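Coordinates in review
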Amino acid sequence: MTGGIFMRHKEFIKILPSADTAVLFIHGIIGTPNFFNNFIPLIPHNWSICNLLLDGHGKGIDDFSKTSMDKWQAQVEEWVEKLCAEHKHIIIVGHSMGTLFAIQQGIRRPDKIKTLILLATPLKVFVKPDAFHITAKMFL
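Let me begin by describing the structure that accompanies this report. Owing to the predicted nature of the structure, the values given are computational and were not obtained by experimental measurement.

Details of unusual backbone geometry
- Positioned with a positive phi, Ser96 is a non-glycine residue whose angle comes to about 55°.
- Within the fold, Ser96 resides in the loop between strand E4 (89-95) and helix H3 (97-108).
- Phi at Ala120 takes a positive value of approximately 60°, unusual for a residue other than glycine.
- Structurally, Ala120 can be placed in the loop between strand E5 (113-119) and helix H4 (129-139).
- Accessibility expressed as a relative area gives 55% for Ala120, which makes it exposed.

So, in structure tokens, the structure goes:
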């Protein structure tokens, strides 16, 4: 089938040997690299770009059902290590689930990853019932 619904989902990787900065894009759980198509032209031409296609994404349900969070985490870590070996600065742009991987890598490699751009971070704050009681006690 042709048309906008079934677009090709491919990684976009441009590694420049002379680049000191690389941008790593990590899509969400139901996303693909296409999510970042409008961001790519904004990256300076002398920076490296790695717009990942996480394992099992961009194909069918059979491929998706055979993958796991562990595979995605290993894939992201592998690319971070490749980029860190060849670049002085790494910027990670993550969407949804990709933001969780970005945060994890930022904590793991603060020597190289200085910037995280987090879009639609799936964090949920839980307020325990005790919090209201403790706050009231402190106030009074």
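Topic: the environment of Asp20
- With respect to the helices and strands, the residue Asp20 is situated in the loop between strand E1 (12-14) and strand E2 (21-26).
- Separated by 64 residues in sequence, Asp20 and Cys84 have C-alpha atoms that sit 9.9 Å apart.
- In this view, Asp20 contacts His87, Lys88 and His89; residues no more than four positions away in its chain are not counted.
- In this structure the side chain of Asp20 is engaged in a polar contact, spanning 3.1 Å, whose partner is the side chain of Thr21.

Here's the deal with the pairing of strand E3 (residues 48-51)
- Burial of the side chains of E3 extends over both faces: Ser48 and Cys50 are buried on one face and Ile49 and Asn51 on the other.
- Relative to E3, E1 runs antiparallel, the two sharing three bridges. Paired with Ile13 across the two strands is Cys50, which belongs to E3.
- Where E2 and E3 come together, four bridges link them in parallel fashion. Bridged to Val23 within E3 is Ile49.

Analysis parameters
Residues numbered from 1 in each chain as written. Predicted model: local features only at pLDDT ≥ 70, side-chain atom pairs only at ≥ 80, totals over all residues. Heavy atoms only, no water. Helix = DSSP H or I, 4+ residues; strand = E, 2+ residues; numbered from the N terminus. Buried < 20%, exposed > 50% of the residue type's maximum accessible area, 1.4 Å probe, protein only. Contact = heavy atoms within 4.5 Å. Polar contact = N/O pair within 3.5 Å; in protein donor to acceptor, adjacent residues only side chain to side chain. Pairing = 2+ DSSP bridges.

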